[in-house]
Amino acid sequence: MKVLAFTLAAVLGLAAAPVAADAPPADAPQCISVGRIDHTQIVDDQTILFHLRGGETLRNTLLDRCVGLRLANRGFTYVALNDEVCGNLQSIRVNDNGAICQLGPFTREPPHKPAQ
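Here the residue numbering is sequential within each chain, running from 1 through the sequence in written order. Two thresholds apply to this predicted model, a pLDDT of at least 70 for residue-level local features and 80 or more for giving and counting side-chain atom pairs, whereas whole-chain, interface and lining totals are computed over all residues. For side-chain calculations, the full set of non-hydrogen atoms in the structure is used, while hydrogens and water are omitted.

### Overview of the sheet that holds strand β9 (residues 106-108)
Hydrogen bonds between backbone groups are what pair the strands of a sheet, and the pairing can be parallel or antiparallel.
Then comes step 1: Strand pairing requires that DSSP identify at least two bridges connecting the strands. The secondary structure listing takes helices from DSSP runs of H or I that are at least 4 residues long and strands from runs of E that are at least 2 residues long, numbered from the N terminus. Read from one edge of the open sheet, four strands run β2-β3-β4-β9, paired in antiparallel fashion. Taken across any chain shown, the strands that pair with only one partner, and hence form the sheet edges, are β2 (37-44) and β9. Shown here is a sheet whose adjacent strand axes are inclined to one another by a mean of 25 degrees, direction ignored.
Then comes step 2: Alignment of strand β4 (residues 57-61) against β9, held across three bridges, turns out to be antiparallel. Bridge pairing links Asn60 to Phe106 in β9. Structural elements are reduced to axes, namely lines fitted to C-alpha atoms, with helices fitted over the stretch in contact, and the angle between N-to-C directions of any two is expressed from 0 to 180 degrees.

Structure representation (structure tokens):
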């Protein structure tokens, strides 16, 4: 019985290792207060930039390609839970076609340097 428990623990430990490796950086927030969001920018069918007040920009890479997002004339909507938008927990709805897509992790964008 002890051998079985150890083997099971070892298998579960190995199975969990890739999940930990895919975790976002510790300094990247996974929830954003809606009040901090200045505007959003759709980059493509899988990427949204959240421009925050104060100049910070967070990139959200959706878990899968969101058909029609890039071409959406009316953008997208989400329901903010506790006045926050949370990566890996919430979905968005493309207003033009009704597609529902899952937000992925947030990552920090490097600060934009103006051209000289």
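Moving on from the model shown.
### Thoughts on the side chain of Asn60
Then comes step 1: Mapped onto the elements, Asn60 comes out in strand β4.
Then comes step 2: Using a relative accessible area of 0% as the deciding quantity, one classes Asn60 as buried.
Then comes step 3: Within the local environment of Asn60, its side chain forms a polar contact with the backbone oxygen of Gly104, the two atoms lying 2.7 Å apart.
Then comes step 4: For this analysis, residues touch if any pair of their heavy atoms sits within 4.5 Å. Setting aside anything within four residues of it in sequence, one finds Asn60 in contact with Gln46, Thr47, Ile48, Phe50, Gly87, Leu103, Gly104, Pro105 and Phe106. Three exposure classes are used, based on accessible area relative to the maximum for each residue type with a 1.4 Å probe and protein chains only: buried under 20%, partly exposed in between, and exposed over 50%. Nitrogen and oxygen atoms within 3.5 Å of one another constitute a polar contact, given that in protein one can donate a hydrogen and the other can accept it, and given that sequence-neighbouring residues count only through two side-chain atoms.

### Quick look at the environment of Asp96
Then comes step 1: By the secondary structure assignment, Asp96 is in the loop between β7 (91-94) and β8 (100-102).
Then comes step 2: Residue classification places Asp96 among the partly exposed residues on the basis of a relative accessible area of 36%.
Then comes step 3: For the pair Asp96 and Arg74, spaced 22 residues apart in sequence, the C-alpha to C-alpha distance is 6.0 Å.
Then comes step 4: What Asp96 contacts, discounting residues up to four positions off in sequence, is Leu71, Ala72, Asn73 and Arg74.
Then comes step 5: At 3.1 Å, the side chain of Asp96 and the backbone nitrogen of Arg74 are in polar contact.

### A few points about the nonpolar core
Then comes step 1: In terms of nonpolar packing, the biggest core is built from 18 residues, with Ile32, Ile48, Phe50, Leu62, Leu69 and Ile92 touching the most fellow members.
Then comes step 2: Elements with a contribution of two residues or more to this core: β3 (47-52) and β7.
Then comes step 3: Examining the composition of this core, we find that three residues originate from one element, β3, more than from any other.
Then comes step 4: Dropping the residues within four chain positions of it, Ile92 is found in contact with Ile48, Leu62, Leu69, Phe76, Thr77, Tyr78, Ala99, Ile100, Cys101 and Leu103. Residues belong to one nonpolar core when they are buried, are Ala, Val, Leu, Ile, Met, Phe, Trp, Tyr or Cys, and are joined through side-chain atoms within 4.5 Å.

### Thoughts on the state of the cysteines
Then comes step 1: Cysteine sulfur atoms are paired as a disulfide whenever they fall within 2.5 Å. What the rule picks out here adds up to two disulfides.
Then comes step 2: Covalent S-S linkage joins Cys31 and Cys86, the inter-sulfur distance amounting to 2.1 Å. Here the disulfide of Cys31 and Cys86 is right-handed, its torsion about the S-S bond being about 110 degrees. Of this pair, Cys31 sits in strand β1 (residues 31-33) while Cys86 sits in strand β6 (residues 84-86), placing them 55 residues apart in sequence.

Fair warning: the whole summary comes from geometry, so function is off the table for now.
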